[in-house]
Amino acid sequence: GDSVTQMEGPVTLSEEAFLTINCTYTATGYPSLFWYVQYPGEGLQLLLKATKADDKGSNKGFEATYRKETTSFHLEKGSVQVSDSAVYFCALNSNSGYALNFGKGTSLLVTP
Amino acid sequence: DAGVIQSPRHEVTEMGQEVTLRCKLISGHNSLFWYRQTMMRGLELLIYFNNNVPIDDSGMPEDRFSAKMPNASFSTLKIQPSEPRDSAVYFCASSSRLMGENTEAFFGQGTRLTVV
């Protein structure tokens with residue numbers, strides 16, 4: 001079945017460092033891919049998405065490119081801030097499915 | 001729109017008691033999801049409704065769990081009787097299903113349930 005695998009955390013970075021959180025997926029067909037972010041004590045919020053191969057989703061300085069050849073959707077940010085500290089979830093929604101399949105989440109801590 | 005609204009935000013109850021969690025969908029959305037989040041298991045889909053009809057309840061852990069959508073904008077998740085292992089954060093999410101595909105899901109802030 002469909003699944004998402006993302007790197008385990010926690011990831012600790014200094015402010016202004018470069019961030020990469022890896023995400024790979026297994027799915028039939030052409031799924032839509034998402035990154036959600038969960039700040040402490042809150043629900044999940046959509047960060048960015050891509051619906052077809054080679055699409056790049058971007059928001060708040062974060063980017064991810066839908067790579068069908070490597071079945072990946074890695075999240076990147078060039079310069080992280082303390083306020084980016086949160087848990088990041090990669091997810092997919094296959095054409096034949098209806099619910100998001102989430103990865104286990106990657107905790108990010110950015111220190112001043 | 002105020003987004004997906006869940007209540008209560010926190011619930012502490014004794015083992016054996018009935019617990020009811022509530023969710024109000026975003027206006028116009030026709031898909032509803034209940035998820036459970038724990039440190040050990042991450043985010044688990046419990047049940048999915050489309051147009052008020054339960055489509056997939058395979059994630060509901062036991063008969064102690066039940067979910068309903070009495071109308072298009074409201075859902076409840078009930079646990080009876082509750083057990084300590086039910087302690088988790090329960091999220092409700094809604095989306096639109098158009099032409100066989102769901103748009104992105106919008107999540108509520110969750111209900112943190114503690115069963116002692």
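Note that the structure is a prediction, hence the values are computed from the model and not measured.

> Requested: an account of the packing of aromatic side chains, with residues and values cited.
If you walk through the whole model with that rule in mind, you get 12 aromatic pairs over all chains. An angle of 75 degrees between the planes, with centres 5.7 Å apart, marks the rings of Y36 of chain A and F107 of chain B as edge-to-face. With Y36 of chain A in strand β5 (residues 32–38) and F107 of chain B in strand β12 (residues 106–107), this residue pair bridges two chains. Each member of the pair Y36 of chain A and F107 of chain B is classed as buried. Between F102 of chain A and F107 of chain B, the ring centres sit 5.9 Å apart and the planes meet at 75 degrees, which makes this aromatic pair edge-to-face. Here F107 of chain B lies in strand β12 and F102 of chain A lies in strand β11 (residues 101–102), a pairing that spans two chains. Each of the two residues, F102 of chain A as well as F107 of chain B, counts as buried.

> Now, about the nonpolar core: what can you tell me, with residues and values included?
Within the largest apolar cluster, 26 residues are counted, with the highest numbers of intra-cluster contacts made by W35, L47, L48, F73, L75 and Y88 of chain A. Residue assignment for this core shows that the elements contributing at least two residues are β2 (11–14), β3 (19–21), β4 (23–26), β5, β6 (44–50), β8 (62–65), β10 (86–93) and β12 (106–111) of chain A. No other element matches β10 of chain A, which puts four residues into this core. With 22 residues, the next largest nonpolar core counts I26, A67, Y90 and L113 of chain B among its residues.

> I'd like a description of the state of the cysteines, backed by residues and values.
Residues and elements named next belong to chain A. Under the definition given, this model contains two disulfides over all chains. Bridging C23 to C90, the disulfide has an S-S length of 1.9 Å. Its torsion about the S-S bond being -70 degrees, the disulfide of C23 and C90 is classed as left-handed. Here C23 is found in strand β4, whereas its partner C90 is found in strand β10, with 67 residues between them in sequence.

Parameters at a glance
Residues numbered from 1 in each chain as written. Chains lettered and ligands numbered in written order. Predicted model: local features only at pLDDT ≥ 70, side-chain atom pairs only at ≥ 80, totals over all residues. Heavy atoms only, no water. Phe/Tyr/Trp six-rings, centres within 6.5 Å; stacked < 30°, edge-to-face > 60°. Helix = DSSP H or I, 4+ residues; strand = E, 2+ residues; numbered from the N terminus. Buried < 20%, exposed > 50% of the residue type's maximum accessible area, 1.4 Å probe, protein only. Core = buried A, V, L, I, M, F, W, Y, C linked by side-chain atoms within 4.5 Å. Disulfide = S-S within 2.5 Å.

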